[in-house]
Structures are given as structure tokens and as C-alpha cells.
Amino acid sequence: MFIGTAVIYVIVGMIGGIMMGAKQDFTLAPAHAHLNLIGWVSLALMGFYYNANPAKAASRLALIQFWVSTIGLWIMIPGLVLTLKGLPPGERIVILGSLITLIGMVLFAVSIFRPVPSTR
Ligand code: HEM
């Protein structure tokens with residue numbers, strides 16, 4: 001799920017990058033950067049971690065963490081786009097999305113550091 005969604009985000013991010021270059025309008029560059037770096041790089045890294053640690057991947061925490069990180073990104077990026085376009089509600093949305101994204105990363109840290117659930 002992590003890697004499958006991450007590759008979709010990077011395709012959308014790359015198309016956005018090409019469109020920015022074609023139009024020579026770089027207003028949305030930070031949204032492009034965050035979609036690629038959180039949506040692609042961070043989520044794919046999480047996916048590789050869970051692939052290497054199947055016991056952790058099978059836990060309920062991993063599923064919760066996936067959705068918290070995903071929902072955070074889905075709120076943060078549109079909020080960032082609105083903010084960069086100067087639309088005031090964007091700032092509140094980007095703050096909310098950022099905090100949810102942070103919670104997602106804290107849950108990932110918990111997932112890493114907590115003991116592996118026993119399979120016996
Ligand atoms: C087809 C692929 C891509 C294209 C065409 C593209 C295009 C662009 C363009 C036009 C800019 C704005 C440059 C400027 O402001 O002068 C940019 C910025 C950036 N891109 Fe990409 N990009 C691509 C893929 C990626 C990927 C895969 C990542 C990260 C994993 C990435 C990360 C960034 C970052 C960090 C910035 C700087 C944003 C800022 O200055 O606020 N890009 N890209």
C-alpha cells in the first residue's frame with residue numbers, strides 16, 4: 001500500500017513539475033516538492049521498512065499509520081496549493097494537514113521502536 005500509493009504520487013508530482021516548466025510558472029514548486037518528498041520518498045521508505053519487517057507490517061499500528069500519513073498528505077498538499085495561490089483558507093488546511101502528517105511520522109517511529117509482536 002505504501003509503495004503502490006507512493007508511485008502514484010511521484011507520477012502526479014512529475015507531471016506537475018513538467019507543467020511548471022512548460023508554463024514557466026513556479027508558484028507551486030513547494031507543493032510539488034512536498035508531494036514528491038513526503039508522498040514519494042517518505043512513504044516509499046516506510047513501505048521498504050515494512051517489507052523488510054513483515055511482523056511490523058502485519059500489525060494494526062502499521063495500517064493506522066498508513067492512513068494517518070495518507071490523510072495528512074491528502075489534506076496538506078491541497079492546503080499548500082491554496083496557500084501558494086494566496087487563498088486564505090489554505091493556511092488553516094495546510095496547518096491541519098502538516099500536524100496529521102507529523103502524527104503519521106510519530107506513529108511510524110513508534111512502529112519502529114516498539115518490540116516486534118510475538119508470532120508464537
Ligand atoms: C519529471 C520529474 C520532475 C520535474 C519535471 C520537476 C520539475 C521541477 C521544477 C520546474 C521545479 C521548480 C524549479 C524552480 O523553482 O526554479 C522543481 C522544484 C523542486 N523539485 Fe522537482 N521535478 C521533478 C521531480 C522531482 C522529484 C522526484 C522530487 C523529489 C523526490 C523533486 C523535488 C523538487 C524540489 C525539492 C524542488 C524545490 C522546490 C522549491 O524550491 O520550493 N522533483 N521541480
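Everything below is about the structure printed above this text.
Here the residue index of a chain counts from 1 through its sequence in written order. For this predicted model, a pLDDT threshold of at least 70 governs which residues receive local features, and a threshold of 80 or more governs which side-chain atom pairs are given and counted, while totals over whole chains, interfaces and linings are taken from all residues. Hydrogen atoms and water are omitted, and side-chain values are computed over all heavy atoms in the structure.

(A) Up close: the packing of helix H1 (residues 2-23) against helix H4 (residues 60-84). Between N-to-C directions, angles cover 0 to 180 degrees, with each direction set by a line fitted to C-alpha atoms, over the stretch in contact for helices. By definition, any uninterrupted DSSP run of H or I lasting at least four residues is a helix, any uninterrupted run of E lasting at least two residues is a strand, and each is numbered from the N terminus. For the pair H1 and H4, interaxial distance at closest approach is 11 Å and the crossing angle is 15°. Viewed along their axes, H1 and H4 adopt a mutual orientation that is roughly parallel. The handedness of the crossing between H1 and H4 is left-handed. Contacts from Phe2, Thr5 and Tyr9 in H1 reach Ala62, Gln65, Phe66, Thr70, Leu73 and Trp74 in H4. Side-chain classes are defined by residue name, with Ala, Val, Leu, Ile, Met, Phe, Trp, Tyr, Cys and Pro counting as nonpolar, Asp, Glu, Lys and Arg as charged, and the others, Gly among them, as polar. The class makeup of the residues in the contact of H1 with H4 is six nonpolar, three polar and no charged. If an angle is under 35 degrees, it is roughly parallel; if it is over 145, roughly antiparallel; if it lies from 65 to 115, roughly perpendicular; otherwise it is oblique. In this scheme, a crossing is called left-handed if the near helix is turned counterclockwise away from the far one by less than a right angle; it is called right-handed if the turn is clockwise. Contacts are assigned to residue pairs that have any heavy atoms within 4.5 Å of one another.

(B) Up close: the packing of aromatic side chains. In this scheme Phe, Tyr and Trp rings, the latter by its six-membered ring, pair at centre separations within 6.5 Å, and the angle between planes marks the pair as stacked below 30 degrees, edge-to-face above 60, and tilted otherwise. Inspection of every chain in the model, using the stated rule, returns seven aromatic pairs. Between Phe2 and Phe66, the ring centres sit 5.0 Å apart and the planes meet at 85°, which makes this aromatic pair edge-to-face. With Phe2 in helix H1 and Phe66 in helix H4, the pair connects residues that are 64 residues apart, well separated along the chain. Burial status follows relative accessibility: with a 1.4 Å probe on protein chains alone, a residue under 20% of its type maximum counts as buried, one over 50% as exposed, and anything between as partly exposed. Of the residues examined, Phe66 reaches a relative accessible area of 2% and is grouped as buried.

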